[in-house]
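Each chain, written out:
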Amino acid sequence: MIKFKKTLKELKVVGQMLKVGLQKELIAQKHNATGRLSRGLKYHIKGNVLNIYSSVSYWKAVNNPKFAKTPNYNAIASWARAKKGIEATSASITRIYAKMLRQGYGQPYVFWTEGNNLRRTNFAGYVANKFSKEVAIKLAPSIGEDVASMIREKIKNNTKAKVS
């Protein structure tokens, strides 16, 4: 079995680098209203695989607004109570829901105060493309060292054989 000791250490560095990159991109795309999505980003290494995930359920809708086909009724109700002070009755929620659908809920944003050059979608894809070369540069030496170490170990084990 191959033991990637140096690669695992480097994967932790890469995981932190990507997490920080995602957080900065959320700020750049103006998706940091409460900071909950940014704080919810985590990375986990299992075996030789680095996974980056979010503990926040709406991250897919922020990354791609077309993902959310219809508004979430419970989310509208809690938003109405918390942010707008509206009593969350079924009639008021239905009115908000209908207005959201009429105004194109889930469609890409059209107007920003900064102008139309601001990226508002695909924060994860943008960060993945931005850091792809840097990830390769960081991981290549440690993978090489781990493979060389494995080969040295195999050669050392094979030369211990006694010849009669």
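Higher on the page you've got the structure.
What you see is a predicted model; the values in this text were computed from it and never measured.

Procedures and definitions
Residues numbered from 1 in each chain as written. Predicted model: local features only at pLDDT ≥ 70, side-chain atom pairs only at ≥ 80, totals over all residues. Heavy atoms only, no water. Patch = residues over 30% accessible without salt bridge, like charges linked within 9 Å, V, L, I, M, F, W, Y side chains within 5 Å. Areas by Shrake-Rupley, 256 points an atom, 1.4 Å probe, with all protein chains shown as cover. Salt bridge = Lys/Arg side-chain N within 4 Å of Asp/Glu carboxyl O. Helix = DSSP H or I, 4+ residues; strand = E, 2+ residues; numbered from the N terminus. Buried < 20%, exposed > 50% of the residue type's maximum accessible area, 1.4 Å probe, protein only. Core = buried A, V, L, I, M, F, W, Y, C linked by side-chain atoms within 4.5 Å. Contact = heavy atoms within 4.5 Å.

Student: Any chance you could explain a nonpolar patch on the surface here in plain terms?
Tutor: Taken together, the side chains of Ile143, Val147, Ile151 and Ile155 present a nonpolar region at the surface, about 310 Å² in accessible area. Looking at the secondary structure, you find Ile143 in helix H6 (residues 123-158). The class for Ile143 is partly exposed, based on a relative accessible area of 34%.

Student: I'm lost on the nonpolar core in this one. Help?
Tutor: Generally speaking, a soluble globular protein has its nonpolar side chains buried in company with each other. With 15 residues, the main nonpolar core has Val14, Leu18, Leu26, Phe131 and Val135 as its most contacted residues. Mapped onto this core, the elements with two or more residues apiece are helix H1 (5-28) and H6. Tallying contributions element by element places H1 first for this core, with 6 residues. In this structure Val14 touches Leu50, Val135, Lys138 and Leu139, once residues within four positions along its chain are discounted. Residues Ala77, Ala80, Ile93 and Ile96 belong to the second largest nonpolar core, which totals 5 residues.

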